Amino acid sequence: MGSRSGIGYDVHRLVGGRPLILGGVDIPSEKGLDGHSDADVLSHAIADALLGAAGLPDIGHFFPPTDQSIKGICSLDILKRVALELHELGASIINIDSTLVAEKPKILPYADEMKKNIAHALKIDPKLIGIKATTNECMGFLGREEGMAAMSVASVEI
């Protein structure tokens, strides 16, 4: 079939009393992301990009928020399931590029650890993963620090 690309996007509300998990890394922060899982927006965007590239349904199909048996699931486990789905199709990951959007905290000091965690979950080389961060220039709900978003593009060979 050849090379295919997919995009992923995720957003979660920032709330007190929850850890901030991004790329499987617990980042020191006053607020964390709210969600049915650990709310790791980076891993969720990557999962959807990979699933889209393979022509599969989104992560909500595989991990519905109504399923109480997966409440609090680690998003790296979601990525492991995505890797299994790709493997069953005979697909291999060419590369992943992602951007986190948040006013704070600083994300890039944790990027290498995030890449290692994501690469381990997907069974790929960390060099195939790009992680960048930007702010929303204090505009909108992201700029008001009400939430955090992530975008991802992934290419697979099928």
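The structure this text deals with has already been given above.
Described in the following lines is the structure provided in the data block. (Residues numbered from 1 in each chain as written. Predicted model: local features only at pLDDT ≥ 70, side-chain atom pairs only at ≥ 80, totals over all residues. Heavy atoms only, no water.)

What follows covers the pattern of salt bridges. Side-chain pairing between opposite charges can occur once the charged atoms of the two side chains come close. Overall, the coordinates contain five salt bridges when judged by the stated rule. Between Glu 85 and Arg 81 there is a salt bridge whose closest N-O contact spans 2.9 Å. Placement of both Glu 85 and Arg 81 in helix H3 (residues 75-89) is noted, with a separation of four residues, approximately one turn of the helix. Residue class for Arg 81 comes out partly exposed when judged on its relative accessible area of 30%. (Salt bridge = Lys/Arg side-chain N within 4 Å of Asp/Glu carboxyl O. Helix = DSSP H or I, 4+ residues; strand = E, 2+ residues; numbered from the N terminus. Buried < 20%, exposed > 50% of the residue type's maximum accessible area, 1.4 Å probe, protein only.)

This part is about a nonpolar patch on the surface. A grouping of Tyr 9, Val 11, Phe 141 and Met 151 is seen on the molecular surface, where their side chains present a nonpolar patch of about 350 Å² in accessible area. In this structure, Phe 141 sits in helix H5 (residues 140-143). We classify Phe 141 as partly exposed; its relative accessible area is 36%. (Patch = residues over 30% accessible without salt bridge, like charges linked within 9 Å, V, L, I, M, F, W, Y side chains within 5 Å. Areas by Shrake-Rupley, 256 points an atom, 1.4 Å probe, with all protein chains shown as cover.)

Counting 47 residues, the largest nonpolar core has Leu 22, Leu 50, Ile 96, Leu 100, Met 114, Ile 118 and Leu 122 as the members making the most contacts within it. It is helix H1 (residues 41-53) that contributes the most residues to this core, nine residues altogether. If we ignore the near neighbours within four places in the chain, the residues touching Ile 96 are Ile 46, Leu 50, Leu 122, Ile 124, Leu 128, Ile 129, Gly 130, Ser 152, Val 153 and Ala 154. (Core = buried A, V, L, I, M, F, W, Y, C linked by side-chain atoms within 4.5 Å. Contact = heavy atoms within 4.5 Å.)

Read these as layout, nothing more, since geometry by itself doesn't imply function.
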